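Okay, here's what each chain looks like letter by letter:
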There are 4 protein chains.
Amino acid sequence: MTKICRTDMAKLYFYHAPMNSGKSMLLLAKAYNFEERSIPYLIFKSAIDTRDEGVIHSRPLGDKPCLIIRKDELFSEKFDCYNTDVKWILVDEAQFLTAAQVDDLSDLVDYAGINVICYGLRTDFQTHLFEGSKRLFEIADSIEEIKSQCDCGKKNIFNARIDKDGHVVTEGEQIEVGAEDRYKSMCRRCYKDSVK
Amino acid sequence: MTKICRTDMAKLYFYHAPMNSGKSMLLLAKAYNFEERSIPYLIFKSAIDTRDEGVIHSRPLGDKPCLIIRKDELFSEKFDCYNTDVKWILVDEAQFLTAAQVDDLSDLVDYAGINVICYGLRTDFQTHLFEGSKRLFEIADSIEEIKSQCDCGKKNIFNARIDKDGHVVTEGEQIEVGAEDRYKSMCRRCYKDSVK
Amino acid sequence: MTKICRTDMAKLYFYHAPMNSGKSMLLLAKAYNFEERSIPYLIFKSAIDTRDEGVIHSRPLGDKPCLIIRKDELFSEKFDCYNTDVKWILVDEAQFLTAAQVDDLSDLVDYAGINVICYGLRTDFQTHLFEGSKRLFEIADSIEEIKSQCDCGKKNIFNARIDKDGHVVTEGEQIEVGAEDRYKSMCRRCYKDSVK
Amino acid sequence: MTKICRTDMAKLYFYHAPMNSGKSMLLLAKAYNFEERSIPYLIFKSAIDTRDEGVIHSRPLGDKPCLIIRKDELFSEKFDCYNTDVKWILVDEAQFLTAAQVDDLSDLVDYAGINVICYGLRTDFQTHLFEGSKRLFEIADSIEEIKSQCDCGKKNIFNARIDKDGHVVTEGEQIEVGAEDRYKSMCRRCYKDSVK
């Protein structure tokens, strides 16, 4: 009988979601479950600007501190991944990761035997993949969807950006800092009907 | 173009899980997400004895009141399901439901257009389905697994009952009130190795 | 870097399906793919009576010989599973397996490192699990659904038995030899409407 | 009780796969199942050059004629999709679709109520999405994986291009006509080890 090789069972998971589907709460639920079971883990959050303060926000559950990863950093440089007790890494806002950072996470999986769960948006307000979500769709071991429902009852797929008058916007920068509350997740058909 | 018929899109979901995989936290994360989005919902918990106090317990997230459903009750009798704003029902400890109660939930889905998510254990300490989980595997629209890992790194599948000396027990009643802390979830092979 | 341990990566898959969803064709597609890639495999079929002739039937693809497993046999007795090149076992009509046979298959997975895919019906004409499908829902590593659509457009879940006048029957033996063409798969709501 | 609205239940499926995982056979198995159940359907194949002859190839199952869609065509121009009996469209080589063609398929789903299943590669030999697979990851309702195993036992994720000496190539055109037999699907770690 062969011995168990932990290294070969680690996986890179991508849980993609539309906005407001509760993905940060799911990340926190996972983190609390690790704590209850005494499983060592780390939470990272991809920073989009230098003001980011290293906290996973969740109104009902309260905030929880996390590590920040900036675009010019690699995970493998942030801790000694080949000599660690950490068995799981949770990454929030994974859509903002660079391709190099996602590749680096896959090295933690493939060579250090650490499981990685990335939580992130699937697409931007123009229905295109972000750099991080694109690389995750390319190389993740497991692609799972966090579902939420459109007002019409169908599954949300897109994240529409809404202007001050409540209309869907289709032009602009991919990331607009400070516009977090001006998005509305929609099913594909309601989105199409809105931009026609 | 045909109109949207909400009734046809409701589903009966079964999220099965081993013990200590954080399923109550996932239920609460879902509930809080409904609250943030102002979606009317109800939480039920299947009662195994008359002392049950109507609360979803979660150490990190705090407790949350819920409705209790006893074995001789039907969901459709507990509220006016054909004349309600409720769009989602969350059910905890769904393994303890009777087959009639699961059938009743499926009527809420099929005829009242209410979505139902049942969270429950897959099997008992002897690796057999509970009445509720059996009926859910038979008739649910969607069967999803909440995963957790065995100490060996593989996926937990079974819930071993442990005696005071730490040994796995294979004889006894399916439900032993007060023994909640004497279970250990294990992968299939570690469980087999334990009972050999 | 640790060596790869094939034993720990084998899995027991249950692909459950309603009748006429093309599951035998999917089994054959898998088998032909193994042949194209020179991967050693075996096909077994669970026999319900002594007349069964050891063939996977498929009108469009032609028949393919297979091994027969009878209710009083174990897979581990049919070939030298600990000393074999076989990497995959495909099992058709897995709903007819005994619980002991499913447990035996899980031993091939857990101790001999052989992957096993069981194709079978989820429930009988009275909407209850078969012995084989019950045990597979209890212990399989992966539960996947082969989908087909009801005449109404929803997903088929149940297998209604139809009498000579075209009416749905709800009484009778679980297995009626020779009645194979008297079943109709239906979504849950159409089935309910038929038996009311 | 509301009437069934077929339009709202159609979906756009993306079945992504590595090379040699049997995806054309799965497409054919689906097609034959539709024929057995008298469900009207069409098969399209995305053409990469003008020599493509409109056939789904499959050694074990035989060839099957299909419609060809070229890069400058739309599906909605190839048949009267709003006035048709066709309930399902199967698309082979979907990675070669343009983004506009995938959007067009989503219109068939959203406005004509036709179900669409796209079978295609996830990534090219440099581990990047194709135009068609990129758009499908962005907008599909359902993303499913057709799995196959690397020689090492892990799941195949990448499609390595091999030169005449058997070495993995990382430079070149995304599509090299006539090089179909010079690819080898690999798990992520074996691919990384090959290109180091």
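Residues numbered from 1 in each chain as written. Chains lettered and ligands numbered in written order. Predicted model: local features only at pLDDT ≥ 70, side-chain atom pairs only at ≥ 80, totals over all residues.

Draft legend 1. Up close: the sheet that holds strand β10 (residues 168-169) of chain D. All names here are of chain D. A sheet is described by the order of its strands in space; here 3 strands give the open sequence β10-β9-β11, paired in antiparallel fashion. Where the open sheet ends on each side, the last strands, each with one partner, are β10 and β11 (183-186). Alignment of strand β9 (residues 158-162) against β10, held across 2 bridges, turns out to be antiparallel. Within the sheet, the bridge partner assigned to arginine 161 lies in β10 and is valine 169. Packed onto the sheet, helix α5 (residues 188-195) meets β9, β10 and β11 and runs at close to 30 degrees relative to β9. (Pairing = 2+ DSSP bridges. Helix = DSSP H or I, 4+ residues; strand = E, 2+ residues; numbered from the N terminus. Contact = placed C-beta atoms within 7 Å. Axes fitted to C-alpha atoms, helices over the stretch in contact; angles between N-to-C directions.)

Draft legend 2. Geometry of the relation of the copies chain B and chain A. With an axial shift of 0.0 Å and an RMSD of 0.0 Å, the rotation relating chain B to chain A amounts to 180 degrees. Considering both components of the superposition, the chain copies are consistent with a two-fold axis. For chain B, the smallest separation between a C-alpha atom and the rotation axis is recorded for B:Leu61, amounting to 3.0 Å. An overlap of 100% is found between the interface residues of chain B and their copies at the interface of chain A, pointing to a shared contact surface. (Least-squares fit on C-alpha atoms with pLDDT ≥ 70 in both.)

Draft legend 3. Representation of the interface of chain B and chain A. Contacts between the two partners involve 20 residues from chain B, matched on the other side by 21 residues from chain A. Its residues assigned to classes, the side of chain B that touches chain A comprises 9 nonpolar, 5 polar and 6 charged. (Nonpolar A, V, L, I, M, F, W, Y, C, P; charged D, E, K, R; others polar.)

Draft legend 4. Up close: the relation of the copies chain A and chain D. If you rotate chain A by 180 degrees and push it 0.0 Å along the axis, it lands on chain D with an RMSD of 0.0 Å. By residue overlap, the copies meet face to face through one surface: 100% of the interface positions of chain A are interface positions in chain D.

Draft legend 5. Representation of the sheet that holds strand β10 (residues 168-169) of chain C within the structure. Residue and element names in this part refer to chain C. Taken in spatial order, the 3 strands make up an open sheet running β10-β9-β11, and their pairing is antiparallel. Looking at which strands have only one partner, the edges of the open sheet turn out to be β10 and β11 (183-186). One ladder, built from 4 bridges, connects strand β9 (residues 158-162) with β11; its direction is antiparallel. The partner of asparagine 159 across the bridge, within β11, is serine 185. Strands β9, β10 and β11 of the sheet are contacted by helix α5 (residues 188-195), whose axis makes an angle of about 30 degrees with β9.

Draft legend 6. Looking closely at the interface of chain A and chain D. Listed by partner, the interface residues are 19 residues for chain A and 19 residues for chain D. If you list the elements that add at least two residues to the side of chain A that touches chain D, you get α3 (99-112), α4 (131-139) and α5 (188-195) of chain A. Here the side of chain A that touches chain D gets 4 residues from one element, more than from any other, and that element is α4(A).

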